Amino acid sequence: MLNHAERIASARAAVDYITGRSVTEQQRPVPNCPGWTVYNAAAHIGRVSIAWEEMITSAPEDPESRERAYQRSAQQPAGAPMADLAAWAHSALDHLVDDVDRRCYFSMTGGEGTVGLWAWHAASELGVHRLDVEAALGHTHELTDDQALDAAAYTCQYFLPAMRRVTGKDPGEVSVRLLGSDDVDGSTTIGSESTRRVTVEGPSIQVLLALWGRPHTDIHVIDGAPEVWADWRALPGEAFQFGTWD
C-alpha cells in the first residue's frame, strides 16, 4: 500500500502526463472512454478537480456540498487550455497536503471522509485516466505494480461499493488476485450479502483497468460465476458517465 505522500505524488504525475500532451496528441480518440479524445480526458480531470476541491474544503455534514461542487465544475468555460486544466487539478491536490485525518465531505461515502481518503481516490482515479491516455497513444504503461495494487484496493473498498449504492445493484462477492512483477502481488475483495461469488486473477494493471470497466487482457476466472465479474465491470458505466466537456 502507498502512503499519503506517495498517493499525492502519483496523482500529480498523472495530471502532468495527461495535460502535457501535444496539440496533435490531444486530438487522438481514447478507446477506453468512447466519445472522448485525449483533450476530453484532460478536460475531465481538470473540471472534476474543481468539484473535488469544493468537497475537500467542505464539512462532511454539509448536505449541499456535492451539488455545489458539480455546479462550480459545470460553470467553467469550454475549451480551457491544458495549462488551466493542469492548474485546476493541482489546486485540488494542494488541499491534500495538510492533516491526513482532517474530516471533510467525501463523495464516495456521501458524507464522512478525510483528506487521506481523497488522496487515495485521486491517485486511483487519475492513475486509471493515465492508463486510458497511455493506451490511446500507444505509450508504455508507467504505473508501477505498487501503484496499481493500491489503486485496485481503493476501487474495491470505496469506488465500486459507491457504484453499487448508486445503481441499487449488487452483482455479488468478487475476490481479485493481482499478479505483479518482482514478487509484488496482492489481493482484495468486495463483500456482498448475495450468494453469487467469483474469484479472478491477472496482471495488476489489467485487473485495475477491468475493475473500472475498461478493456483488458489476461484476466482469468479461477472460481465461481463469470457473470458476477461481468456485472461488476459493467457497473461504473451504468452508475454515471461524464460528458465530453470540450
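The present account deals with the structure reproduced in this document. This structure is a prediction, so every number in the text was calculated from the model and none was measured.

**Here's the deal with the nonpolar core**
- Ranked by size, the top nonpolar core spans 79 residues in total, and within it Trp 52, Val 176, Leu 208 and Trp 229 carry the most contacts.
- Ignoring any residue separated from it by four or fewer positions in sequence, one finds Leu 208 in contact with Val 128, Leu 131, Leu 143, Ala 148, Ala 151, Ala 152 and Thr 155.

**Comments concerning the packing of helix α3 (residues 38–56) against helix α6 (residues 115–137)**
- At a minimum axis separation of 11 Å, α3 and α6 run at an interaxial angle of 175 degrees. Judged on the interaxial angle alone, α6 and α3 are roughly antiparallel. Here α3 contributes Val 38, Ala 41, His 44, Ile 45, Trp 52, Met 55 and Ile 56 to the contact with α6, which in turn contributes Trp 118, His 121, Ala 122, Glu 125, Leu 126, His 129, Val 133, Ala 136 and Leu 137.
- Residue classes in the contact of α3 with α6 are distributed as 12 nonpolar, 3 polar and 1 charged.

**Thoughts on the side chain of Ser 194**
- Position of Ser 194 relative to the elements: it lies in the loop between β4 (186–190) and β5 (197–203).
- From its side chain, Ser 194 meets the backbone nitrogen of Arg 196 in a polar contact 3.0 Å long.
- The residues contacting Ser 194, other than those within four sequence positions of it, are Asp 170 and Gly 172.

**Structural notes on the packing of aromatic side chains**
- Applying the stated criterion to the full structure yields 7 aromatic pairs.
- Measuring from centroid to centroid gives 5.7 Å for Tyr 154 and Tyr 158, while their planes differ by 25 degrees, and the two rings are stacked. Remark: Tyr 158 and Tyr 154 occur in helix α7 (residues 145–167); sequence separation between them is 4 residues, near one turn of the helix.
- Between Phe 159 and Trp 212, the aromatic rings sit 4.0 Å apart at their centres with planes inclined by 10 degrees, giving stacked as the arrangement. Here Trp 212 lies in the loop between α8 (204–211) and β6 (220–224) and Phe 159 lies in helix α7, a separation of 53 residues in the sequence.
- Relative accessible area serves as the criterion here: at 8%, Phe 159 is assigned to the buried category.
- A relative accessible area of 6% means that Trp 212 is categorised as buried.
- Linked through ring pairs, Trp 52, Phe 106, Trp 118, Trp 120, Tyr 154 and Tyr 158 together constitute an aromatic cluster.

Reading the values: rules and limits
Residues numbered from 1 in each chain as written. Predicted model: local features only at pLDDT ≥ 70, side-chain atom pairs only at ≥ 80, totals over all residues. Heavy atoms only, no water. Core = buried A, V, L, I, M, F, W, Y, C linked by side-chain atoms within 4.5 Å. Buried < 20%, exposed > 50% of the residue type's maximum accessible area, 1.4 Å probe, protein only. Contact = heavy atoms within 4.5 Å. Axes fitted to C-alpha atoms, helices over the stretch in contact; angles between N-to-C directions. Helix = DSSP H or I, 4+ residues; strand = E, 2+ residues; numbered from the N terminus. Parallel < 35°, antiparallel > 145°, perpendicular 65-115°, else oblique. Nonpolar A, V, L, I, M, F, W, Y, C, P; charged D, E, K, R; others polar. Polar contact = N/O pair within 3.5 Å; in protein donor to acceptor, adjacent residues only side chain to side chain. Phe/Tyr/Trp six-rings, centres within 6.5 Å; stacked < 30°, edge-to-face > 60°.

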